[in-house]
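Coordinates in review
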Amino acid sequence: MQASNYYILGIESSCDDTAAAVLSNGKVLSNCIANQEIHKRYGGVVPELASRAHQSNIVPVVDQALLKAGIKKEQLHAIAYTQGPGLLGSLLVGSSFAKSLALGLNIPLFAVNHMQAHLLAAFIDHPQQQAPKFPFIGVTLSGGHTQIVLCRNHFEMEVVGETQDDAIGEAFDKCGKILGLPYPAGPILDKYAQKGRADAYPFPIPKMPDLNISYSGIKTAFLNFINQNQQKNPDFINQNLVDICASLQYCLVENIFRKIKKAVATHKINTVVIGGGVSANSEIRRRLLSQADSAGWEVHLPPFEFTTDNAAMIGIVGYLKRLQENPSFLDAVADARLKF
Ligand code: KG4
Ligand code: ZN
């Protein structure tokens, strides 16, 4: 039987953000994140340091989420946590904590797939979004994944195309590093790009079969381009930063955008839902909205707070699972390579 307020605690710890959120019947009451600043020093996530930081952050973040939501842990009806994919050490901290708390409170526990959650964030009850109708083309755009997913219902999702090497977020971050930008470079590169000319420097778009995609070639071409220009002019980056960023961003987005168009045509489905950190990107949003105008696509862009890793998206999957399936057992194990 459904309680009038079904409180669910979401816990996310797959990479370098420790996050906790409380939802009531699909509405977010709190969405708290402790970012791990320590990785900035190394220009990328150091797995061992990430799991240690999760250990110190998890109790305060969960406490803060409950406090902000105005409820006590005894009022929770269920807990949802990220089972995978992600860094194993990081996943183990969140999953052990979630299991212990669920056991202690004697409430159901839901194991959630992080990539499914990026797409199912579209079902969070939020004034800026309306739930999409099935079937739709889901596109995961994150630091570790770039996938085109045929979503038949909440839990029937089939990956129909994906990157064969780097993820789009990884390409943003690595190219940003070449420019001397701090980690994660994606959002900073996006800011500079908005002030520059996207046609200043044409970078090659790889040709990949079907709905698969590649980003490693663009990264190498970009590195060579920067090296060659710096040999001629050591101040090349500083003098042309906004145009370099705009041209690179255009190319990184165009690469996936061609595949989204192809997926829409191949599967004859014109509802498109994007998720993951790079779904915050201004260029991908602009391109999708323009496609909605010119080709009648129904486009679902997540509110910014649900783009990068967060626990609200984990909580909503727990809530949807609760409506559809039985809770997972305590012996569900963290899985670094969990598939859809
Ligand atoms: O989904 P997410 O938070 O973590 C993973 O599951 O990987 O994605 C993080 C990625 C990083 O690569 C970050 O640079 C990128 O999302 N990102 C962006 C923007 N905001 C975040 N990339 C381009 N433009 C943005 N505005
Ligand atoms: Zn993610």
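In what follows, the structure referred to is the one given above.
Everything numeric here is computed off the predicted structure, so don't read it as measured data.

Moving on to the packing of helix H5 (residues 186–193) against helix H7 (residues 236–267). Running from N to C, H5 and H7 cross one another at 110°; their axes reach a closest spacing of 7 Å. Between H5 and H7, the interaxial angle falls into the category roughly perpendicular. With respect to the hand of their crossing, H5 and H7 are arranged in left-handed fashion. From H5, Leu 189, Asp 190, Tyr 192 and Ala 193 reach across to H7, where they touch Leu 241, Val 242, Cys 245, Ala 246, Leu 248 and Gln 249. A per-class count over the contact of H5 with H7 returns eight nonpolar, one polar and one charged.

Attention now goes to the sheet that holds strand E9 (residues 271–275). Read from one edge of the open sheet, five strands run E8-E7-E6-E9-E10, paired in mixed fashion. Strands at the two margins of the open sheet, each flanked by one partner only, are strand E8 (156–162) and strand E10 (298–300). Taking the axes of each pair of neighbouring strands and ignoring which way they run, one obtains an average angle of 25° across the sheet. The pairing of strand E7 (residues 146–153) with E8 spans six bridges and is classified as antiparallel. Looking at the pairing, Gln 147 lines up with Glu 162 of E8. Strand contacts of H7: strand E6 (136–141), E7, E8 and E9, with the helix running at about 25° to E7, the strand carrying the most contacts.

Cut-offs used in this document
Residues numbered from 1 in each chain as written. Chains lettered and ligands numbered in written order. Predicted model: local features only at pLDDT ≥ 70, side-chain atom pairs only at ≥ 80, totals over all residues. Heavy atoms only, no water. Axes fitted to C-alpha atoms, helices over the stretch in contact; angles between N-to-C directions. Helix = DSSP H or I, 4+ residues; strand = E, 2+ residues; numbered from the N terminus. Parallel < 35°, antiparallel > 145°, perpendicular 65-115°, else oblique. Left-handed = near helix turned anticlockwise from the far one by under 90°. Contact = heavy atoms within 4.5 Å. Nonpolar A, V, L, I, M, F, W, Y, C, P; charged D, E, K, R; others polar. Pairing = 2+ DSSP bridges.

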